[in-house]
Amino acid sequence: MLELSLTLFPDLKELIIRACPLVTQEGLRSVLALPFLQHLDYCTSRPVSKSFVREIAAQNPSRETISVQIEGDVDNRGPKPLDINHFAWTPEEKRDFLRKHPRIKELNIEQPRKHSFIPFAS
Amino acid sequence: MLSKYDVQCTENPLLGVPSFTSSFFDILRSHHESLVEVSIPAYAWKAYDDICTVTLPQLKSLTAVLNADVTVNFETFLVNHPTLEEFEICVINDSIHGMRGFWEAIKRRCTASSAYLKKVHLNISVLLTCTDAKDDWSFLAGMKNLEDFQLQSYFGSGWLGSGERLLACLPRNQKLQRLSLDRMDFAGSFWRYCSEKKGRRRVPLDTKLEYLRGFHNLKRLSFRQCRDAVDNEVMQLIFREMTDLEELKVSDCPRLTDAGISGTGPEKNRVSFKSLKGQPWS
C-alpha cells in the first residue's frame with residue numbers, strides 16, 4: 001500500500017527525476033510546495049505544459065533552477081492533437097518568465113519538435 | 001607552501017593523447033610536507049610513479065584517473081599515505097593489465113585506514129575484466145567515519161555483485177550522509193533486464209528490501225540507472241527510512257510511477273500526511 005509522499009521531505013533541496021516514463025507532471029505536482037527545493041531537474045518523454053512550469057515557479061519563490069527536458073519524440077497514439085502553444089516556449093515567453101521570477105537563475109527547457117509533438121496515449 | 005596541486009596534461013597532437021609535461025616530482029619534493037590535495041588526470045604516466053615514490057605526510061585527498069597503460073605500484077602509495085581521508089579513483093579503458101591487484105590494494109587500504117576514510121568515490125566500471133576480483137564488500141564495514149560513498153559501475157556487469165551485499169556491509173551510523181550507487185545491480189534487476197531483452201520470461205524481482213533499511217541519516221541519495229530495481233515500493237521505503245533527505249536522484253526507472261512519488265496507492269486513496277519526525281505537516 002502506497003501512502004508516503006515526497007512532500008514529507010520539507011528539507012529537500014534537489015530533485016532529479018530523469019527517464020522515468022511513468023512519472024508525469026501530475027505526479028510531480030505533489031512536490032511543488034516543498035519550501036526548500038531549489039533545483040528541479042525533470043527529464044521526460046511526456047509533455048510538460050508551460051502552465052506547469054509557471055506553477056513550479058509560483059509555488060516556491062526561492063527556487064533557483066528549473067530544468068525540464070523533453071527527450072525524444074512523444075508517443076503519437078493519442079486521440080487528438082495537443083495544442084503546441086501549451087508546451088513550446090518562445091524566446092519572448094522565456095524572457096518574460098525569467099523577468100517575473102528573478103530568483104530563477106536558470107530555466108533550461110528543451111523544446112519539443114513541433115512536427116513530432118503529438119499526444120501520448122491516454 | 002603549496003597545499004593543493006592539480007597535475008596538468010597537454011594534448012600531444014602526434015599521439016592524440018595528453019602528455020604529462022609539468023615537473024610533478026620536483027613539486028612533490030619541494031612541498032611534500034604541505035600538500036593536502038593532489039589530483040592526477042589520465043595519461044600522466046610519470047605522475048603515478050612520482051606520487052608512489054614520495055611520501056606526503058599531510059595528504060588528505062587524492063583524485064586520480066588511471067588509464068589502463070599505467071603500471072602503478074598503487075599499494076605502495078596507499079601504504080605511504082595513512083592520513084588519506086578522501087579517495088577518488090576512476091579507471092578508464094577496457095583493460096587493466098597494468099594494475100593486477102588494484103582492487104585488492106584498495107580493499108586493503110580501506111580496511112587499514114577505516115578510522116580515517118571519510119569520502120570514497122570509485123568509478124571502476126572497467127574492472128569487469130579483472131578475474132581476481134570478488135564480490136566482497138566486507139572492507140566497508142569498518143569505515144566508521146565514512147561520510148560519502150559513491151560507486152559507479154557498469155550496469156549489470158555482474159562483476160561487482162549485487163547491490164544488496166554492498167549495502168549490507170555499509171556502516172549504518174550518523175556519519176554516512178551521501179550514498180550514490182548509480183548503475184548498480186539490485187534485486188536481480190540486471191538479469192530481469194537481460195531476459196526481457198532476449199524475449200524470455202520475465203525474471204521476478206527479489207522484493208526483499210531489507211538492504212535499504214537503517215540509513216536514517218542520509219542526506220543525499222542517488223540511484224540513477226538502477227532500472228527495475230527502483231520502483232514504487234522502493235521509493236516508499238526510501239521515504240520511510242531516510243527522513244532527512246535533501247537530495248534525491250533517480251533516472252531510467254521504468255517501473256516508478258506517479259503513485260510512488262505522490263504516495264497515492266492503486267486504490268486512489270488520498271494520503272494522510274503524518275510527519276515522520278513527529279511534527280505536524282500540512
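Each value, and the rule that gives it
- Residues numbered from 1 in each chain as written.
- Chains lettered and ligands numbered in written order.
- Predicted model: local features only at pLDDT ≥ 70, side-chain atom pairs only at ≥ 80, totals over all residues.
- Helix = DSSP H or I, 4+ residues; strand = E, 2+ residues; numbered from the N terminus.
- Buried ≥ 20, exposed ≤ 12 C-beta atoms within 10 Å, placed from the backbone.
- Contact = placed C-beta atoms within 7 Å.
- Nonpolar A, V, L, I, M, F, W, Y, C, P; charged D, E, K, R; others polar.
- Pairing = 2+ DSSP bridges.
- Core = buried A, V, L, I, M, F, W, Y, C linked by C-beta atoms within 7 Å.
- Right-handed = clockwise from strand over helix to strand, strands pointing away.
- pLDDT = per-residue confidence, 0-100.

Novice: So what's going on with the overall build of chain A? Residues and values would help.
Specialist: When its secondary structure is counted, chain A shows 3 helices and 4 strands. N-terminal to C-terminal, the α/β element order of chain A is β-α-β-α-β-α-β. Here chain A holds 122 residues, and the buried ones make up 30% of them. The contacts of chain A with a sequence gap of at least 6 include a subset with a gap of at least 24, amounting to 79%.

Novice: Lay out the overall build of chain B with the relevant residues and their values.
Specialist: Counting its secondary structure elements, chain B contains 8 helices and 11 strands. In chain B, 78% of the contacts between residues at least 6 apart in sequence involve partners at least 24 apart.

Novice: Talk me through the interface of chain B and chain A; I want residue IDs and the actual numbers.
Specialist: The interface is formed by 29 residues belonging to chain B together with 27 residues belonging to chain A. Breaking the side of chain B that touches chain A down by element, the ones donating at least two residues are α7 (232-241), β11 (247-251) and α8 (258-262) of chain B. Here the side of chain B that touches chain A is built from residues that sort into 13 nonpolar, 9 polar and 7 charged. Examined bridge by bridge, strand β1 (residues 14-18) of chain A and β11(B) share 5 bridges and lie parallel to one another. Residue pairing in the sheet places A:Glu14 in a bridge with B:Glu247 of β11(B).

Novice: So what about α7(B)? Which residues, and what values?
Specialist: Taken together, the buried positions of α7(B) are B:Asn232, B:Val234, B:Met235, B:Gln236, B:Ile238 and B:Phe239. Buried residues in α7(B) make contact with β10 (220-224) and α8 of chain B.

Novice: I'd like a description of the nonpolar core, backed by residues and values.
Specialist: In terms of nonpolar packing, the biggest core is built from 79 residues, with A:Leu12, B:Ile40, B:Leu221, B:Val230 and B:Val250 touching the most fellow members. Those residues in contact with B:Ile40 that sit more than four places away from it in its chain are B:Val7, B:Ala47, B:Tyr48, B:Ile51 and B:Ala64.

Novice: Which residues make up unusual backbone geometry, and what values go with them?
Specialist: In this structure, A:Ala19 takes a positive phi of about 50° despite not being glycine. Here A:Ala19 falls in the partly exposed class, since 19 other C-beta atoms lie within 10 Å of it.

Novice: Give a detailed account of the pairing of strand β4 (residues 37-40) of chain B, specifying residues and quantitative values.
Specialist: All names here are of chain B. Where burial is concerned, the two faces of β4 differ: the one with Val38 and Ile40 is buried and the one with Glu37 and Ser39 is not. Alignment of strand β1 (residues 4-6) against β4, held across 3 bridges, turns out to be parallel. Note on β4: the bridge partner recorded for Lys4 is Glu37. Sheet topology places β4 next to strand β5 (residues 61-66); 4 bridges connect them, and they run parallel. Considered in β5, the bridge of Ile40 is made with Ala64.

Novice: Please give an account of the pairing of β10(B) that cites residues and values.
Specialist: Residue and element names in this part refer to chain B. Note that strand β9 (residues 178-182) and β10 share 3 bridges and pair parallel. Across the sheet, Leu179 pairs through a bridge with Leu221, a residue of β10. Relative to β11, β10 is paired through 5 bridges, and the arrangement is parallel. Across the sheet, Arg220 pairs through a bridge with Glu247, a residue of β11. Regarding the hand of the β-α-β motif, the stretch spanning β10, α7 and β11 is right-handed.

Novice: Talk me through the environment of B:Phe25; I want residue IDs and the actual numbers.
Specialist: All names here are of chain B. Relative to the assigned elements, Phe25 resides in helix α1 (residues 24-31). The class for Phe25 is partly exposed, based on 15 C-beta atoms found within 10 Å. Residues Phe25 and Val54, spaced 29 residues apart in sequence, show a C-alpha to C-alpha distance of 8.2 Å.

Novice: An account of the environment of B:Leu151 is needed here, citing residue identities and associated values.
Specialist: All names here are of chain B. In this fold, Leu151 is placed in strand β8 (residues 148-152). Leu151 gets classed as buried once you count the C-beta atoms within 10 Å, which come to 20. Separated by 13 residues in the primary sequence, Leu151 and Glu164 have C-alpha atoms spaced 14 Å apart. Excluding residues that lie within four positions of it along the chain, Leu151 makes contacts with Leu122, Ser180, Leu181 and Met184.

Novice: Give me the lowdown on the confidence of the model for chain B, citing residues and values where you can.
Specialist: A low pLDDT means the predicted coordinates there should not be read in detail. Residue and element names in this part refer to chain B. Confidence in the prediction for chain B averages 72 pLDDT; 62% of positions are at 70 or higher. Counted against residues more than four places away or in other chains, residues 128-133, with its pLDDT under 50, gives 14 contacts. Segment residues 267-275 is flagged for pLDDT under 50; beyond a separation of four residues in sequence, or across chains, it makes 11 contacts in the model.

Novice: Before we move on, could you go through the environment of A:Ile16 and cite the residues and values that matter?
Specialist: Looking at the element boundaries, A:Ile16 is found in strand β1. Distance from A:Ile16 to A:His39, taken between C-alpha atoms, is 8.1 Å for residues 23 residues apart in sequence. Those residues in contact with A:Ile16 that sit more than four places away from it in its chain are A:Asp41, B:Lys249 and B:Ser251.

Novice: Before we move on, can you summarise the confidence of the model for chain A with the specific residues and values?
Specialist: All names here are of chain A. For chain A, per-residue confidence averages 71 on the pLDDT scale, and residues scoring 70 or more make up 70% of the total. Within chain A, strand β3 (residues 65-70) has the poorest average pLDDT of any element, 69, and β1 the best, 89. Across residues 72-81 the pLDDT falls below 50, and counting only partners more than four positions away or on other chains, this stretch makes 23 contacts in the model. The model gives residues 113-122 a pLDDT under 50, and that stretch makes 27 contacts with residues more than four places away or in other chains.

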